[in-house]
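Each chain, written out:
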Amino acid sequence: MTNVDPGLWCDVDAAVPSGRAALFLDRDGVIVTDTHYLCRVADMRAIAGAAAAIARCNALQIPVVVVTNQAGIGRGYYDWNAFHAVQGALKAALAAEGAHLDGVLACAYHADGRAPLRVDNHLWRKPNPGMIVEAARRLQLELPRSWIVGDRAHDLAAGAAARLPGGTLLAADAQERQAAAKLASARFIVDTASDLAAAVAVLLDRRQFEDRGRS
């Protein structure tokens, strides 16, 4: 675990083979139920099918990396110890279903945060691409074949800013869907899905993470 910066968290598996395309995931609303500032282990609930979807990627050696904004830390609602406890519970829940995360990056900086975390538009805070870029640097990931799944338009915006080829928006309200749709372009695909399991099924069916240039 690396947490030398008071507002940033980065925990990656150095053993991940280089040159892989990765699946980037938001945490709350994608892997676990969004309880609005999740900070207690007792409140953590894995979303049905999420662990199995991650395990499918694990089996195919597709790195799975969480990139999560943690404004609750910035605003003083909880601290990194609480975040770490929730992550520990999530790790155990995933392991129970044969799944694991290859990286977890988090940003606590926020424009309305408390000092020293009161930073507006920090590079790591989504919709900025900093967490994705840092994960790619540390794990030597192949971003042109990677993908992001989130439940907010800013998740996909971070993917677009990091020059990923696309992202999948999970079940969201009309405002989020409209905002995500505006990100679509000739170089960035915007998909929708009901949940992570459905999103991963589509991505694997179309061989999103495969290097078709290799024989």
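Heads up: these notes are all about the structure in this document. (Residues numbered from 1 in each chain as written. Predicted model: local features only at pLDDT ≥ 70, side-chain atom pairs only at ≥ 80, totals over all residues. Heavy atoms only, no water.)

### Describing the overall build of the chain
Item 1. Per the secondary structure count, the chain includes 7 helices and 7 strands.
Item 2. Tracing the chain from N to C terminus, the helices and strands come up as β-β-α-β-α-α-β-α-β-α-β-α-β-α.
Item 3. For a compact globule of 215 residues, the expected C-alpha radius of gyration is about 17 Å, and the chain comes in at 16 Å, within 12% of that figure.
Item 4. The buried share among the 215 residues of the chain stands at 51%. (Helix = DSSP H or I, 4+ residues; strand = E, 2+ residues; numbered from the N terminus. Rg over C-alpha atoms; globule rule 2.2 N^0.38 Å. Buried < 20%, exposed > 50% of the residue type's maximum accessible area, 1.4 Å probe, protein only.)

### Points about helix H4 (residues 130-139)
Item 1. When you tally the buried positions in H4, you get 7 out of 10 residues, the bulk of the element.
Item 2. Those residues of H4 that fall on the buried side of the exposure criterion are Gly130, Met131, Ile132, Glu134, Ala135, Ala136 and Leu139.

### A closer look at the nonpolar core
Item 1. Leu23, Phe24, Leu25, Ile31, Ile132, Val149 and Leu196 are the most contacted members of the largest nonpolar core, which totals 71 residues.
Item 2. The greatest single-element share of this core, amounting to 7 residues, is contributed by helix H3 (residues 80-95). (Core = buried A, V, L, I, M, F, W, Y, C linked by side-chain atoms within 4.5 Å.)

### What to know about the environment of histidine 154
Item 1. Along the chain, histidine 154 turns up in helix H5 (residues 153-161).
Item 2. Given the relative accessible area of 23%, histidine 154 is considered partly exposed.
Item 3. For the pair histidine 154 and lysine 182, spaced 28 residues apart in the sequence, the C-alpha separation amounts to 11 Å.
Item 4. Those residues within four positions of histidine 154 in sequence are excluded, and the remaining contacts are Asn69, Lys126 and Pro127. (Contact = heavy atoms within 4.5 Å.)

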